[in-house]
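One letter stands for each residue in the lines below.
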Amino acid sequence: MKPVPHATSLRRAPVQRRSAERLTRILDACAGLLDEVGYDALSTRAVAQRAGVPIGSVYRFFGNKREMADALAQRNLERYVERVGERLDRARTGDWRAAMDAVLDEYLAMKRTAPGFSLVDFGNQIPVGSRHDEPNTRVADRLTELLAGYLGRTPDPDLRRVFLVAVESADTLVHLAFRIDPQGDEAIIAETRELLRAYLARVLD
């Protein structure tokens, strides 16, 4: 079973397996409806109907649709870190270019395939069109912890700053690529990859 969001994003954390499975269905339904109707038209009642659960089950976990979207964003981040980690397990330890490709490629794959991701992302898209720095800081922190050991580096403030700059830069350029082309403009993505390599080479070579 896929991981559910950290308990702090929920009114009540699932304890039993059945409850966790119900939460997963609710978030899956939320993600699918975001793609179909958008955030403004999303409702807790529609999510409950799609998930096949009583409306009270939704309110057991979430007070409103914003909390539900936040939980979906947290789940996206957990899945993203898991996917990057799986790629790193197959790569040669210390190869920062392979690590950077894993980080960018898995983000692009989720942008293209994960339900609801284009609106929710890791939390910086709701309300629609808004972008805040907190989600990118969380992403950079998680990547620092994940990549430090792989790269043989200490996860100190300097390394965190480097990854934050890389995440912020890639986030802006990837959003540009997907504004130009719904599947991501390949030329912009190629430029993004080159920019990241040039910047990270200064620190990691």
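Scroll up a little and you will see the structure.
The text that follows walks through the structure, step by step, so that each part is easy to find. (Residues numbered from 1 in each chain as written. Predicted model: local features only at pLDDT ≥ 70, side-chain atom pairs only at ≥ 80, totals over all residues. Heavy atoms only, no water.)

1. Regarding the overall build of the chain
Stage number 1. A tally of helices and strands in the chain yields nine helices and zero strands.
Stage number 2. Ordered by position from the N terminus, the helices and strands of the chain form the series α-α-α-α-α-α-α-α-α.
Stage number 3. Considering only residue pairs separated by 6 or more positions, the chain has 64% of its internal contacts joining residues 24 or more positions apart.
Stage number 4. Accessible surface, the chain: about 10,300 Å² in total, of which carbon and sulfur atoms supply 50%. (Helix = DSSP H or I, 4+ residues; strand = E, 2+ residues; numbered from the N terminus. Contact = heavy atoms within 4.5 Å. Areas by Shrake-Rupley, 256 points an atom, 1.4 Å probe, with all protein chains shown as cover.)

2. Re the pattern of salt bridges
Stage number 1. Considering all chains together, one arrives at 18 salt bridges under this definition.
Stage number 2. One salt bridge connects Glu 21 with Arg 17, and the closest N-O pair in it is separated by 3.0 Å. Note that Glu 21 and Arg 17 are positioned in helix α1 (residues 17-37) at a spacing of four residues, about one turn of the helix.
Stage number 3. On the basis of relative accessible area, Arg 17 is assigned to the exposed category, the value being 58%.
Stage number 4. Among the salt bridges present, the one from Arg 50 reaches Glu 36, with a minimum N-O distance of 2.8 Å. With Arg 50 in helix α2 (residues 44-51) and Glu 36 in helix α1, this residue pair connects regions lying 14 residues apart in the sequence.
Stage number 5. Within this structure, Arg 83, Arg 87, Asp 101, Asp 105, Glu 106, Arg 193, Glu 194 and Arg 197 form a network of salt bridges that share partners. (Salt bridge = Lys/Arg side-chain N within 4 Å of Asp/Glu carboxyl O. Buried < 20%, exposed > 50% of the residue type's maximum accessible area, 1.4 Å probe, protein only.)

3. Quick word on the packing of helix α4 (residues 65-89) against helix α5 (residues 96-113)
Stage number 1. The N-to-C vectors of α4 and α5 enclose an angle of 140 degrees; their axes lie 9 Å apart at closest approach. Judged by the angle between their axes, α4 and α5 are oblique. The two elements α4 and α5 cross, and the hand of that crossing is right-handed. Between α4 and α5, the contacting residues are Asn 76, Arg 79, Tyr 80, Arg 83, Val 84, Arg 87 and Leu 88 on the first element and Ala 99, Asp 101, Ala 102, Val 103, Asp 105, Glu 106, Tyr 107, Ala 109 and Met 110 on the second. (Axes fitted to C-alpha atoms, helices over the stretch in contact; angles between N-to-C directions. Parallel < 35°, antiparallel > 145°, perpendicular 65-115°, else oblique. Left-handed = near helix turned anticlockwise from the far one by under 90°.)

4. Some remarks on empty space enclosed by the protein
Stage number 1. Counted under the stated rule, the structure contains one cavity of 30 Å³ or more.
Stage number 2. Approximately 300 Å³ is the volume attributed to the largest cavity.
Stage number 3. Together, 24 residues line the largest cavity, and Tyr 80, Val 103, Leu 143, Val 167 and Ala 170 are the ones closest to its centre.
Stage number 4. At the level of elements, α5, α7 (133-151), α8 (157-180) and α9 (186-204) are the ones that each hand at least two residues to the lining of the largest cavity.
Stage number 5. Its residues assigned to classes, the lining of the largest cavity shows 20 nonpolar, two polar and two charged. (1 Å grid on protein atoms, 1.4 Å probe; cavity = no way out; pocket = protein on both sides within 12 Å on 5 of 7 lines; lining within 4 Å. Points joined across faces, edges and corners; volume = space filled by probe spheres on them. Nonpolar A, V, L, I, M, F, W, Y, C, P; charged D, E, K, R; others polar.)

5. Focus: unusual backbone geometry
Stage number 1. Non-glycine residue Asp 121 carries a positive phi angle of around 55 degrees.
Stage number 2. Turning to its location among the elements, Asp 121 is positioned in the loop between α6 (117-120) and α7.

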